[in-house]
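Structural description and commentary
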Amino acid sequence: MNCETSHSGNYIIYTDGSYKKYNSGNVKASCAYIVLDDNHEVILKGKSAISDTKEKLLNSVGVELFSVIIALKALRKISKDADKVSVTIMTDYRELERLHHLLNTHRKSSYKKKEKQQIFQWNWYYSNLCQVFKLYKELGKELILEVKWCRGHAGIFWNEKADSLAKDVTKKRGKEKRRTKNKIIDMTESKQPSDFIV
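Since this is a predicted model, take the numbers as computed values, not measurements.

So, on to the pattern of salt bridges. Taken as a whole, this structure holds 3 salt bridges when the rule is applied. The salt bridge involving Glu 95 is made with Arg 98; its shortest N-O contact spans 2.8 Å. Residue Glu 95 and its partner Arg 98 are located together in helix α2 (residues 94-104), separated by 3 residues, close to a single helical turn. Using a relative accessible area of 47% as the deciding quantity, one classes Arg 98 as partly exposed. Residue Asp 163 is joined to Lys 167 by a salt bridge in which the shortest nitrogen-to-oxygen separation is 3.2 Å. Taken together, the positions of Asp 163 and Lys 167, both in helix α4 (residues 157-176) and 4 residues apart, correspond to about one turn of that helix.

This is the structure we're talking about:
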């Protein structure tokens, strides 16, 4: 499959993350995504270990937010022929759907009532999300984004697949016992540079 292949501009992305904290204090965190087209065929999938340097994202919330950002950044590379890119994110992290509702109603300050670490995570996500919209705009595209919640571990096929991809990375990191740099692995085995806002 070629990354330059033309597709329609409508996509569904299933995202998920994996987070494990060991008794030793070590943390393994990763995330994954699966992109489907109009016909519900897989056109892209990827997984990423989250670097130890992103300490405040190494938790159950951070991995969910990270997965959405890397998926949207990867998708822009295969949607070059579409002026409008309509994306539905399917996530089993319910708070993300609520956050996007707040952003859509221009009440960004509403999420600042949460604990300090979670505020950092939301701000990180918001900053990177703004960067994503900017990247699409630079390519002459309008990104239309919708986030929907789906129940995790409920037998939803693509949600389970995304969960499995994320856990594969976490397990691998546990076996390797070494620091791993952020990377994206998709169906074409192409790589994308890490350009996240820290």
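Okay, the nonpolar core next. Formed by 41 residues in total, the largest nonpolar core has its most connected members in Ile 13, Leu 72, Leu 75, Val 87, Leu 96 and Tyr 125. If you list the elements that add at least two residues to this core, you get β1 (10-21), β2 (27-36), β3 (42-49), α1 (60-75), β4 (84-91), α2, α3 (116-138) and β5 (142-149). Sort the elements by how many residues they give to this core and α1 lands first, with 11 residues. Setting aside chain neighbours within four positions, we find Leu 96 in contact with Leu 65, Val 68, Thr 91, Trp 122, Tyr 125 and Val 147.

Overall, mixed pairing links the 5 strands, which are arranged β3-β2-β1-β4-β5 in an open sheet. The sheet is open, and its two borders are formed by β3 and β5, each paired with just one other strand. Strand after strand, the sheet turns through a mean of 20° between neighbouring axes, direction not considered. Pairing of β1 with β2, which is carried by 10 bridges, proceeds in the antiparallel orientation. Looking across to β2, one finds that Ile 13 is bridged to Val 35. Across the sheet, α1 is in contact with β1, β2, β3, β4 and β5; its angle to β1 comes to roughly 145°. On the sheet, α2 packs against β4 and β5 and is oriented at approximately 135° with respect to β5.

Among all positions of α2, only Leu 96, Leu 99, His 100, Leu 102 and Leu 103 are buried. Within α2, the buried residues cover an arc of 155° as seen down the axis, which keeps them to one side.

Conventions we followed
Residues numbered from 1 in each chain as written. Predicted model: local features only at pLDDT ≥ 70, side-chain atom pairs only at ≥ 80, totals over all residues. Heavy atoms only, no water. Salt bridge = Lys/Arg side-chain N within 4 Å of Asp/Glu carboxyl O. Helix = DSSP H or I, 4+ residues; strand = E, 2+ residues; numbered from the N terminus. Buried < 20%, exposed > 50% of the residue type's maximum accessible area, 1.4 Å probe, protein only. Core = buried A, V, L, I, M, F, W, Y, C linked by side-chain atoms within 4.5 Å. Contact = heavy atoms within 4.5 Å. Pairing = 2+ DSSP bridges. Axes fitted to C-alpha atoms, helices over the stretch in contact; angles between N-to-C directions. Arc of directions from axis to C-beta.

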